[in-house]
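Per-entry structural report
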Amino acid sequence: MTTSIPDTKLAAAATDLVRDTVGDLIYHHSRRVFLFGSAMGRHRGLSFDPELLYIGAMFHDVGLNPEFRESGRRFEVDSADEARRFLHAHGVPEDSVRRVWTAIALHTTPGIPEFMEPEVALVTAGVEYDVLGIGYHALSEAERASVVALHPRPDFKRRILAAFTEGIKDKPATTFGNVKADVLAHFQPGFSRGDFVTVIQESPWPE
């Protein structure tokens, strides 16, 4: 694995902010998302901005933090908004801000990011690699081991599912139509999954 963390003031500021904001689980996961996303970008032959990819990776799960649990918004949007505030504060051009915001907001929406800008596609690719194992064999065992040596993932499957549950259980309506409904269906007693067909059938339209 030849990827290194971007050596820029913006990346360093993002690292400091996120390291002080989230716990070890999300911090190490976010760094792996960048490293695996970068590796998948090289594997796919994509040209991308490492700094923007890094910001997207580092902020993508900030919205799981306790302060956002009564926001009423999807945690992905809370995460994206935090990244946007950070980038605006550092004078980053609006097109770059838009790419990072979109990358974070769509990282749990499969089938769309891969057709967008490389930074958008690769935040999702890094998340899918680290959490779901999608594309697992596209990277060598040595590449995987080099990342995990830097950013270990002990008991990761159980711990990340618990973090997802804690981050969204107080706003279950935000899971309608997205993968996080599966999390609450498994781990939150009494959760009732929204049903698209029922919403249509019970809408106020007479027919």
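A brief look at the structure comes next. (Residues numbered from 1 in each chain as written. Predicted model: local features only at pLDDT ≥ 70, side-chain atom pairs only at ≥ 80, totals over all residues. Heavy atoms only, no water.)

Examining the packing of helix α2 (residues 24–44) against helix α6 (residues 118–132)
Basically, it comes down to this: Between the N-to-C directions of two axes lies an angle of 0 to 180 degrees, each axis being a line fitted to C-alpha atoms and, for a helix, fitted only over the stretch in contact. Each helix corresponds to a stretch of at least 4 residues labelled H or I by DSSP, and each strand to a stretch of at least 2 residues labelled E; elements are numbered beginning at the N terminus. What sets the label is the angle itself: under 35 degrees gives roughly parallel, over 145 gives roughly antiparallel, 65 to 115 gives roughly perpendicular, and the rest give oblique. A crossing counts as left-handed when the near helix is turned anticlockwise from the far one by less than a right angle, and as right-handed when that turn is clockwise. What makes two residues a contact is simply this: any of their non-hydrogen atoms within 4.5 Å. When residues are sorted by character, Ala, Val, Leu, Ile, Met, Phe, Trp, Tyr, Cys and Pro go into the nonpolar class, Asp, Glu, Lys and Arg into the charged class, and all the rest, Gly among them, into the polar class.
Look at α2 against α6: their axes get within 7 Å of each other, and the N-to-C directions meet at 115 degrees. As judged from the angle between their axes, α2 and α6 are roughly perpendicular. Here the hand of the crossing between α2 and α6 comes out right-handed. In this structure, α2 uses His29, Arg32, Val33, Phe36, Gly37, Met40, Gly41 and Arg44 to contact α6, whose residues at the interface are Leu122, Val123, Ala125, Gly126, Val127, Tyr129, Asp130 and Val131. The residue makeup of the contact of α2 with α6, split by class, is 9 nonpolar, 4 polar and 3 charged.

A word on the nonpolar core
To be explicit about the condition: Here the nonpolar core consists of buried residues drawn from Ala, Val, Leu, Ile, Met, Phe, Trp, Tyr and Cys, with membership extended through side-chain atoms lying within 4.5 Å. Type-normalised accessible area, obtained with a 1.4 Å probe on protein chains alone, sets the label of each residue: buried when under 20%, exposed when over 50%, and partly exposed for intermediate values.
Core analysis: the largest hydrophobic core is formed by 53 residues, its most contacted members being Ile55, Phe59, Phe86, Leu87 and Val100. When residues of this core are traced back to their parent elements, those giving at least two are α1 (9–21), α2, α3 (50–59), α4 (75–89), α5 (94–105), α6, α8 (156–168) and α9 (180–187). Sort the elements by how many residues they give to this core and α2 lands first, with 9 residues.

A few points about the pattern of salt bridges
Heads up, the rule is: Between Lys or Arg on one side and Asp or Glu on the other, a salt bridge is scored when a side-chain nitrogen of the former is within 4 Å of a carboxyl oxygen of the latter.
Taken as a whole and assessed by the stated rule, the structure comprises 15 salt bridges. Asp95 is the salt-bridge partner of Arg99, the closest N and O atoms lying 3.5 Å from each other. With Arg99 and Asp95 both in helix α5, this residue pair falls 4 residues apart, about one helical turn. Judged by relative accessible area, which is 16%, Arg99 ranks as buried. Classification of Asp95 by relative accessible area gives partly exposed; the value is 42%. As a salt-bridge pair, Arg153 and Asp130 come within 2.9 Å of each other at their nearest N and O atoms. Taken together, the residues Arg153 in the loop between α7 (141–150) and α8 and Asp130 in helix α6 connect sequence positions 23 residues apart. Residue classification places Arg153 among the partly exposed positions, given a relative accessible area of 28%. A single network of salt bridges, built from pairs that share partners, joins Asp95, Arg98, Arg99, Glu117 and Glu119.

Focus on unusual backbone geometry
With the exception of glycine, most residues fall at negative phi, and the peptide bonds are largely trans. Backbone geometry places Asp155, a non-glycine residue, at a positive phi of 50 degrees. In this structure, Asp155 sits in the loop between α7 and α8.

Regarding the environment of Glu166
Turning to its location among the elements, Glu166 is positioned in helix α8. For Glu166 and Tyr27, which are 139 residues apart along the polypeptide, the C-alpha to C-alpha distance reads 16 Å.

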